[in-house]
Amino acid sequence: MRPYWINVRQSLVISFVVLTALARPGLSRSSRSLAVAKGGEARASIVLGEGANAAYRYAASQLQTYLHDLSGAEFSIVPDSQLSAQARSDTLIFVGGPSVNPALAPVAEKLGLKLGTLKAGGFVIRTARFKSHPAVVIAGPDGFSTMYGVYDLVERLGATFLLTGDILPKPRASLSIPSLDVRMEPAFPRRGFLLQDGGYDNLTTFSYEDYAKLLDQMAKIKCNYVQFWWFAFEPWLKYSYNGETKWMGDVSTKASGYLTWARGGFGTRTTADVSIGKHWFTQFLKGTRVAPPEMQDVQTPDQAFAAAESLLRRIIHHAHERGIKVWLAIEMDALPPNLARYCQRVGDLPFNYIFGTFEQPLDPVNRQIQTNRLRALFTSYPHANGYFLVFPEMYPEINTPKYRTYYERMRPKFLQLRSLHWPWIFDTPRSSDLVVDSNIGYMNLFKYLLKQRDEIDPKAKIGLMGIGRGYALPVFDKMLPKDIPFTDMESSGVWTPTGVPMRDFGNMGTRERTIEPRVDDDFDMVGMQFNVTQYSEKDKIFSEGIKYGLSGFAGQVNRVRGTETNSLFLAEAGWKPNLTPEEFYRNYSRRLFGAAAASDMYKAFMTLEKNQLFLGYYNRGFSTMNCCGALPEVGEAYAYAQQPDPYDGPTLAGWKQFIIDSPDAIDGYEVSMRLLNQALQQMQAALPKVAPRGQYELRYMINRTESYRDYMQSLVTVRKAYLLFDQAFGEKPKVSHQEFVSELEKSMSEFQAGEEQAKAATREYAEIIDNPSDLGVLYHLNTRAVLGLTLVRQWMQNIVNFQEGKPYLEHVAWERLFTPYPHFATAH
């Protein structure tokens, strides 16, 4: 990974510079390496001034820890006032510049540190001689930038930092620091991740310790920014209206700590639904709920509110200790159903099972509830750096008769949206009126809440966050003060298949604006994901971002494990915006897996990237396991089970479309499986050559690729079973009853085989679980795949039994997977 530090492009000089110092009088500059340890004994001391603040002290302690891990030696941290006591031949490693190490002041100019000219986050690493000592100076304008320099030095000594942990080489009894003259600055001031703790089961299993580790790893990859986002049905915020407190347990389920959806085909969110790998949940979560340890025993919403607030406050505090700013994000479109009933409601009633209850943004009662929520947000989390109000992903019809005159009057002011939104051809309404009205309504509510902020807490920072609304940013920029930050989730994998129009982030002057790329697209919540090519070449987030004045990124994370290359690429491109997929993967392959295995691993990564591009988000019209509902292979049988008189065969329109789509889905899965097999061959070729430090990670990658392929095969087999089943009923009038039943039996053999293949893939996956993020995948493999396909097979067997004259009323426990819905309606 190191060569790119010295492969400087002229266009990046302003943001990423490596300079070679000239010889300076009184300060010798040697090309020799500096001894740190010999024979397992320390030959260096870490120097830190006595008045250094906590960030510098942490940076020094991290250097001490990693030098020990890399060499086995024990290193001391000494104040710069005691340098005379150090052996003359020992190397001095200064953590911080003259402001914390006064001994450096007399030679600071000769060292050419010029820390005051560095951008925030920038640092220098310089080797030289200090008096009679070999010396290294690691320094930035403050403690956190100096910390980045420490981690950069540790990486140069062989460590690899990922969002999920460290990968270190075996300790070397003799360790040295090469001659260095490094000056680095970030290209973007905001570099981090959007954490969505709610809905899907990944981050929703994280304890405080898991979040603390995640934040520590963010600091190691030089990130400084977190957005924390939740939905209306979650326990992160308690507020009331008319003496009635927000209630939970309808949209979300108590078993998840009220963090995840109660409906949609996800099971009970307990280990009762887990038949394979159950011990992992006990080990990580300390209980039977698929919820954080802090939520294992909550029985009421009030208990959940208290636990969640305590957890998030601790997360914010720890983030600040690592130099990471935290912005909280709340949805403007939805409220908990019990409070929304006081408002004019729109959309699904009594609620949308993913978001909560949509309400009319102009409704005065809604505004009062939203004001109460905003006040509670400021009170509950006063130490957050800011608060985003979210323009939603969904577009409920809000141009209701009561407010129609207002919407029609405002449409000319939003006229530009009618042309700007057309690159957003997926998950965005085709109706320009609906697009325009949605942004009119939520902008009106946003401005109202901005005024309420001024009365409640004028110092609180408010920002605007969009989900797939980048097209609206140029219009919003003209309507809001420049001190309102913008952030928006965008991906060509979801909304704009021809690429993200990064120009929509441009021409905003001093306004801070960040993009939220997707670290893992939620169309595929099983396989590892490799989206580097999408970020770099299709969406051009960084190269175009520099051009259009982007302030940075906050990559949306559901699964931190299995997406490490995506998150690491984002972090590195935040310093080097022209980093290419080829350069990134070549460096990563060599650094993590060793020179001998690097070529094969590079080929494997590029094949996995090819597979990701092939699958796409909407390219194939199918999903291996999406975020937000039952598998189509399961949901179709469940719908069939609701059909009147199902025993004479399926007649639903949805069934017919599923059958029509299945051959293409099968072809798509089989192409993907061929690519996964190709990547596996390349990884297997690397296996005997891999460096010790990369052996475990390679085994993990092989396991995840094999289990993903085998899971995909189960879906192919079940799809073929459906085709045989449908064909049997289609041919029934033309063949004998015996031939008809024989064809049904063939379909049942395939349903059984698909179920067993899903179980085998889940057993494979369960062989390695080393991060709570993996528990979400394991849970959904157990519920949506294993349990779901078991229920499919049982239901289809009832149909076949009827046709064979056998008992056919065996209970199929669909309720284990599908929580019964209330009687839904749509508001008009």
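From a predicted model like this one, the values you see are computed outputs, not experimental measurements.

Draft legend 1. Up close: the overall build of the protein chain. In terms of regular secondary structure, the protein chain is built from 22 helices and 25 strands. Its C-alpha atoms give the protein chain a radius of gyration of 29 Å, near enough to 28 Å, the size a compact globule of 828 residues would have. By the burial criterion, 64% of the 828 residues in the protein chain qualify as buried. The long-range fraction of contacts in the protein chain, counting pairs at least 24 apart against all pairs at least 6 apart in sequence, stands at 77%.

Draft legend 2. Expanded view of the nonpolar core. Counting 272 residues, the largest nonpolar core has Leu 328 and Met 796 as the members making the most contacts within it. Formed by 17 residues, the second largest nonpolar core is a distinct cluster that contains Phe 94, Val 107, Leu 118 and Ala 135.

Draft legend 3. Broad picture of the packing of aromatic side chains. Scanning the entire structure with this criterion turns up 55 aromatic pairs. One aromatic cluster is present, built from ring pairs that chain together Phe 188, Phe 193, Phe 530, Tyr 535, Phe 542, Phe 553, Phe 569, Phe 584, Tyr 585, Tyr 588, Phe 593 and Phe 605.

Draft legend 4. Region of interest: the pattern of salt bridges. Scanning all chains against the criterion turns up 37 salt bridges. The salt bridge involving Asp 181 is made with Arg 126; its shortest N-O contact spans 2.6 Å. Residue Asp 181 is found in strand 11 (residues 181-184), and its partner Arg 126 is found in strand 6 (residues 123-130); the two are separated by 55 residues along the sequence. Given a relative accessible area of 4%, Arg 126 falls into the buried group. Across the pair Glu 756 and Lys 759 runs a salt bridge, and its minimum N-O distance is 3.6 Å. Separated by three residues within a single helix, Glu 756 and Lys 759 lie in helix 21 (residues 737-765), roughly one turn from each other. What makes Glu 756 partly exposed here is its relative accessible area of 34%. By relative accessible area, Lys 759 is classed as partly exposed at 22%. Residues joined by salt bridges that share partners form a network here, namely Asp 152, Glu 155, Arg 156, Lys 222 and Arg 591.

Draft legend 5. Structural view of the packing of helix 18 (residues 632-641) against helix 22 (residues 773-804). Packing of helix 18 against helix 22 leaves a shortest axis separation of 9 Å and a crossing angle of 40 degrees. It follows from the interaxial angle that helix 18 and helix 22 lie oblique. Both helix 18 and helix 22 take part in a crossing whose hand is left-handed. Residues Glu 633, Val 634, Ala 637, Tyr 640 and Ala 641 of helix 18 form the contact with helix 22, whose own contacting residues are Arg 784, Gly 788, Leu 789, Val 792, Trp 795, Met 796 and Ile 799. When the residues that make up the contact of helix 18 with helix 22 are grouped by side-chain class, the tally is nine nonpolar, one polar and two charged.

Draft legend 6. Representation of the pairing of strand 20 (residues 386-391). Counted residue by residue, strand 20 has six buried out of six residues, so it is predominantly covered. Residue alternation in strand 20 divides its side chains into two sets, Gly 386, Phe 388 and Val 390 and Tyr 387, Leu 389 and Phe 391, and both sets are buried. Sheet analysis places strand 16 (residues 325-331) next to strand 20, joined by five bridges and oriented parallel. Its bridge partner lying in strand 20, Ile 330 is registered against Leu 389. The pairing of strand 20 with strand 21 (residues 462-467) spans five bridges and is parallel. Among the inter-strand pairings, Phe 388 is bridged to a residue of strand 21, identified as Gly 463.

Draft legend 7. The arrangement of the environment of Phe 351 in detail. Tracing the backbone shows Phe 351 in the loop between strand 18 (345-349) and strand 19 (357-359). What makes Phe 351 buried here is its relative accessible area of 4%. Sequence-wise, Phe 351 and Thr 826 are 475 residues apart; in three dimensions their C-alpha atoms are separated by 9.2 Å.

Draft legend 8. View of the sheet that holds strand 3 (residues 44-47). The strand order across the open sheet built from six strands is 4-3-5-7-6-11, with neighbouring strands paired in mixed fashion. The sheet terminates laterally at strand 4 (77-78) and strand 11, the two strands that pair on one side only. When strand 3 meets strand 5 (residues 91-95), the two strands line up parallel, connected through four bridges. What sits directly across from Ala 44, in strand 5, is Thr 91. Those strands touched by helix 1 (residues 54-71) are strand 3, strand 4, strand 5 and strand 7 (133-139), and its axis lies near 145 degrees from that of strand 5.

Draft legend 9. The arrangement of unusual backbone geometry in detail. In this model, Leu 349 is joined to Pro 350 through a cis peptide bond whose omega is 5 degrees. One non-glycine residue with positive phi stands out, namely Lys 131, at about 55 degrees. Turning to its location among the elements, Lys 131 is positioned in the loop between strand 6 and strand 7. Of note, Asn 507 is a non-glycine position whose phi angle comes to about 60 degrees, a positive value. Note on placement: Asn 507 falls in the loop between strand 22 (486-489) and strand 23 (513-516).

What counts, and where the lines are drawn
- Residues numbered from 1 in each chain as written.
- Predicted model: local features only at pLDDT ≥ 70, side-chain atom pairs only at ≥ 80, totals over all residues.
- Heavy atoms only, no water.
- Helix = DSSP H or I, 4+ residues; strand = E, 2+ residues; numbered from the N terminus.
- Rg over C-alpha atoms; globule rule 2.2 N^0.38 Å.
- Buried < 20%, exposed > 50% of the residue type's maximum accessible area, 1.4 Å probe, protein only.
- Contact = heavy atoms within 4.5 Å.
- Core = buried A, V, L, I, M, F, W, Y, C linked by side-chain atoms within 4.5 Å.
- Phe/Tyr/Trp six-rings, centres within 6.5 Å; stacked < 30°, edge-to-face > 60°.
- Salt bridge = Lys/Arg side-chain N within 4 Å of Asp/Glu carboxyl O.
- Axes fitted to C-alpha atoms, helices over the stretch in contact; angles between N-to-C directions.
- Parallel < 35°, antiparallel > 145°, perpendicular 65-115°, else oblique.
- Left-handed = near helix turned anticlockwise from the far one by under 90°.
- Nonpolar A, V, L, I, M, F, W, Y, C, P; charged D, E, K, R; others polar.
- Pairing = 2+ DSSP bridges.

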